[in-house]
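Each chain, letter by letter, is given below.
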Amino acid sequence: MEKINVLDKVTDNLDKLLEYFAIAMLGISVLLAFSNVIMRYAFGISHEILAEISIYTIVYGVFFYMGPLIRQNEHIKMSALHEILSEKVLVYIDLLINIVLVLTFTFLIYGGYNWSFSLIGMNIKTLSGGMLLFVPALAILIGMIIGLLYSLLEIIKGIKTISDR
């Protein structure tokens, strides 16, 4: 159980870091959207790239915060099961859910990797033409890697919980 506590403390720090990153991305998005609106209506200047960056910062924030949500059991909320089933059975269900998540993230990492690097090879840009499309696509790949790591950690904790019983 000591190893699990050490693991929890390490992931607590990572959770905070990812939370601050997600909040910063949201703040940047709001700031860029607000400044774009002011520039458009007050000065008649519009930069499409600012609108795109505003959208993509939200995407980065959401995908990077996926891991802490997995750890907090907020990824798949099944409240009804938690009310009906005993704690003993719920440990196995959570373990099964995390195994499914690992398989899903693995598949999505493979697809995201191929997609991101094919975008680099094709040199495709976003609608504004100011940014390569792989930049926002990379958020998905990184988010899936973070999700995979957190799901693996939850599997380790689940197996440890079951073996301690």
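The rules behind the values
Residues numbered from 1 in each chain as written. Predicted model: local features only at pLDDT ≥ 70, side-chain atom pairs only at ≥ 80, totals over all residues. Heavy atoms only, no water. Helix = DSSP H or I, 4+ residues; strand = E, 2+ residues; numbered from the N terminus. Rg over C-alpha atoms; globule rule 2.2 N^0.38 Å. Buried < 20%, exposed > 50% of the residue type's maximum accessible area, 1.4 Å probe, protein only. Contact = heavy atoms within 4.5 Å. Areas by Shrake-Rupley, 256 points an atom, 1.4 Å probe, with all protein chains shown as cover. Lys, Arg positive; Asp, Glu negative; His and termini not counted. Charge placed at Lys NZ, Arg CZ, Asp CG, Glu CD. 1 Å grid on protein atoms, 1.4 Å probe; cavity = no way out; pocket = protein on both sides within 12 Å on 5 of 7 lines; lining within 4 Å. Points joined across faces, edges and corners; volume = space filled by probe spheres on them. Nonpolar A, V, L, I, M, F, W, Y, C, P; charged D, E, K, R; others polar. Phe/Tyr/Trp six-rings, centres within 6.5 Å; stacked < 30°, edge-to-face > 60°. Core = buried A, V, L, I, M, F, W, Y, C linked by side-chain atoms within 4.5 Å.

K.L.:
How should the overall build of the chain be read in this particular structure?
P.N.:
Summing up its helical and strand segments, the chain has six helices and zero strands in all. Rg of the C-alpha trace for the chain: 20 Å, well past the compact-globule value of 15 Å for 165 residues, more than 25% over. By its C-alpha atoms, the chain is 65 × 35 × 30 Å across when sized along the principal axes. Within the span of the chain, comprising 165 residues, buried residues form 32% of the whole. Put simply, 73% of the contacts in the chain that link residues at least 6 apart link residues at least 24 apart. Split by element, the accessible area of the chain, about 10,200 Å² in all, is 72% carbon and sulfur. When the 11 positive and 13 negative side-chain charges of the chain are each reduced to one mean point, those points stand 3 Å apart.

K.L.:
Explanation requested: the layout of surface pockets in the structure shown.
P.N.:
Empty space among the atoms can be located by rolling a probe the size of a water molecule over them. Looking at the largest pocket, its volume works out to about 280 Å³. The wall of the largest pocket is formed by 15 residues, among which Asp-94, Glu-154, Lys-157, Gly-158 and Thr-161 lie closest to the centre. Mapped onto the lining of the largest pocket, the elements with two or more residues apiece are α1 (2–43), α5 (87–122) and α6 (134–164). Taken together, the residues that form the lining of the largest pocket break down as four nonpolar, five polar and six charged.

K.L.:
What is the right way to look at the packing of aromatic side chains in this model?
P.N.:
Each aromatic ring pair is characterised by the separation of its centres together with the angle its planes make. Going through the model one piece at a time under the given rule, you end up with three aromatic pairs. Between Tyr-60 and Phe-64, the ring centres sit 5.7 Å apart and the planes meet at 45 degrees, which makes this aromatic pair tilted. Of the two residues, Tyr-60 and Phe-64 both sit in helix α2 (residues 48–64), four residues apart, roughly one turn of that helix. Both residues of the pair, Tyr-60 and Phe-64, belong to the buried class. Here the aromatic cluster, defined as three or more aromatic residues joined through ring pairs, consists of Phe-21, Tyr-60 and Phe-64.

K.L.:
What is the right way to look at the nonpolar core in this model?
P.N.:
One recurring pattern in soluble globular proteins: nonpolar side chains tend to sit buried together. Formed by 21 residues in total, the largest nonpolar core has its most connected members in Leu-18, Ile-70 and Phe-105. Here this core takes seven residues from α6, the largest share from any one element. Excluding its chain neighbours within four sequence positions, the residues that come into contact with Leu-18 are Phe-64, Tyr-65, Pro-68, Ile-146 and Tyr-150.

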